[in-house]
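# Architecture at a glance
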Amino acid sequence: MLIPFLSTAQYPLPVFDIQGHRGARGLEPENSIPAFLLALDSGVTTLELDLAVSRDGQLVVSHEPWMNASICSRPDGTTIAQTEEMKYNLFQMDYAEIKRWDCGSRGNPDFPQQKHRSVSKPLLRDVIIAVEEHIKNYTRYEVNYNIEIKSDPQGDHLFHPDPKTFSELVIKTLDEYLPLERINIQSFDFRILKYIHQHHPDIHLAALIEGEKTVAEQIELLGFIPDTWSPYFELLTKEMVAEIKLLNPTSRPHH
């Protein structure tokens, strides 16, 4: 997905879409505002992020719908065990409580170069406001947002709302701050993609793919051809690319 640059003289249009996965989590705490701003300064063209929902209906930028024991600490600074992290369910916590947790000071053992910084899980709206302000004052070019809605049938009403409620909450928030042409919504949950395709057909959708089903089988389950086909990279083969092109010459395999 190419983006509209505000200053093509200073920033030539890129050939590839360069995405900052969870911001720039190799150098800053994942899915944090500092990570997204560093990604902008590093020249990404799309910010990738994940969403959860708090008990009071706030969209929280978080990869898991709970506190990750590897990176998050209680408000008093103590840690939690891996076996109990799912008890700290964001969907059962008001955002005021979520915000008190520190998910950056300890760093991430998988990313030794990551800066240790005290950060909380931000709200989606606060991320967008910070990013758009940074674009206006510093980077001077617009980026797209690749937003993953994290849900599955087993988690409905336990770790997140039902697909309709979750989707409408996301779209309502995005519509307040961004033009739809700069937004891509991705999900492993085909129920989310089906709902948005039916009720908000102008939104760019990406199907996240895992498992061993063929492209044809996945398309049959989904019920339509998405804008972007996004398989786990180890699943991507020349045969898969050829099959996608036969289904729709404009489809773009993405990994």
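The notes below deal with the structure included here.

About the criteria used
- Here, residues in each chain are numbered from 1, in the same order as that chain's written sequence.
- Under the rules for a predicted model, residues below a pLDDT of 70 receive no local features and side-chain atom pairs below 80 are neither given nor counted, while totals for whole chains, interfaces and linings still include all residues.
- To obtain the side-chain values, all non-hydrogen atoms of the structure were used and water was disregarded.
- For every residue, the accessible area (1.4 Å probe, protein chains only) is compared with the maximum for its type, and the residue is labelled buried under 20%, exposed over 50%, or partly exposed between those bounds.
- Working definition: helices are DSSP H or I runs of at least four residues, strands are E runs of at least two. Numbering for both runs from the N terminus.
- Between N-to-C directions, angles cover 0 to 180 degrees, with each direction set by a line fitted to C-alpha atoms, over the stretch in contact for helices.
- Any angle that is under 35 degrees is reported as roughly parallel, and any over 145 degrees as roughly antiparallel; angles of 65 to 115 degrees are reported as roughly perpendicular and all others as oblique.
- Each helix crossing is assigned a hand: it is left-handed if the near helix lies turned anticlockwise from the far helix by less than a right angle, otherwise right-handed if that turn is clockwise.
- Here, two residues are considered to be in contact whenever any of their heavy atoms come within 4.5 Å of each other.
- Each aromatic pair joins two rings of Phe, Tyr and Trp (for Trp, the six-membered one) with centres within 6.5 Å, and gets the label stacked for planes under 30 degrees apart, edge-to-face for over 60, and tilted for any other angle.
- Think of the arc as the fan of directions from the helix axis to the C-beta atoms.
- What makes a nonpolar core is a set of buried Ala, Val, Leu, Ile, Met, Phe, Trp, Tyr and Cys residues whose side-chain atoms join them at distances within 4.5 Å.
- Cysteine sulfur atoms are paired as a disulfide whenever they fall within 2.5 Å.
- Whenever Lys or Arg places a side-chain nitrogen within 4 Å of a carboxyl oxygen from Asp or Glu, that contact is recorded as a salt bridge.
- Side-chain atoms alone can form a polar contact between residues adjacent in sequence; in general such a contact is a pair of N or O atoms within 3.5 Å, and within protein one must be able to donate a hydrogen while the other accepts it.

Look at R22: it is not a glycine, yet its phi comes out positive at around 55 degrees. Look at R22 and you get buried, because its relative accessible area is 10%. With a phi close to 55 degrees, N31 is a non-glycine residue in the positive phi region. For N31, the location among the structural elements is in the loop between β1 (19-21) and α1 (33-41).

Quick look at the packing of helix α3 (residues 124-139) against helix α4 (residues 163-177) now. Contact geometry for α3 and α4: axes closest at 10 Å, N-to-C directions at 25 degrees. The angle between α3 and α4 places the two elements in the roughly parallel class. As α3 packs across α4, the resulting crossing turns out to be right-handed. Contacts from L124, R125, I128 and I129 in α3 reach T173, L174 and Y177 in α4.

Applying the stated criterion across every chain yields a total of 3 aromatic pairs. For the ring pair W66 and F159, a centre distance of 5.5 Å and an interplane angle of 70 degrees mean the geometry is edge-to-face. Placement of the pair is W66 in the loop between β3 (59-61) and α2 (95-98) and F159 in the loop between β4 (144-149) and α4, with a sequence separation of 93 residues.

Another aspect to go through is α3. Residues L124, V127, I128, V131, H134, I135 and T139 constitute the buried set of α3. All buried residues of α3 lie within an arc of 135 degrees about the axis, which places them on one face of the element. Against α1, β2 (46-53), β3, β4 and α4 lie the buried residues of α3.

Attention now moves to the nonpolar core. Ranked by size, the top nonpolar core spans 45 residues in total, and within it L47, L49, L51, V131, L174, I185 and I196 carry the most contacts. Beyond its immediate sequence surroundings of up to four residues, L174 is in contact with L124, I128, I147, I183 and I185. One finds V60, I71, I98 and C103 within the second-largest nonpolar core, a separate group that totals 14 residues.

Enumeration over the complete set of coordinates arrives at 1 disulfide. Disulfide pairing is shown between C72 and C103; the S-S distance is 2.2 Å. In this structure, the disulfide formed by C72 and C103 twists by about 110 degrees around the S-S bond and is classed as right-handed. Linking C72 in the loop between β3 and α2 with C103 in the loop between α2 and α3, this pair joins segments that are 31 residues apart in sequence. Relative accessible area serves as the criterion here: at 0%, C72 is assigned to the buried category.

Enumeration over the complete set of coordinates arrives at 10 salt bridges. With a closest N to O distance of 3.4 Å, E148 and K150 form a salt bridge. The two residues E148 and K150 agree in class, both being buried. Taking the shortest distance from any N to any O, the salt bridge between D189 and R191 comes out at 2.8 Å. Using a relative accessible area of 27% as the deciding quantity, one classes R191 as partly exposed. In the salt-bridge network here, residues are joined through shared partners; they are R22, R25 and E30.

In this fold, H63 is placed in the loop between β3 and α2. Of note is the side chain of H63, whose polar atom sits 3.0 Å from the side chain of R22.

Attention now moves to α1. What α1 keeps buried is the set A35, F36, A39 and L40. The buried residues of α1 all sit within an arc of 140 degrees when viewed along its axis, so they share a single face. Close packing links the buried residues of α1 with β2, β3 and α3. Of the residues one or two after α1, G43 is the one with positive phi, at around 95 degrees.

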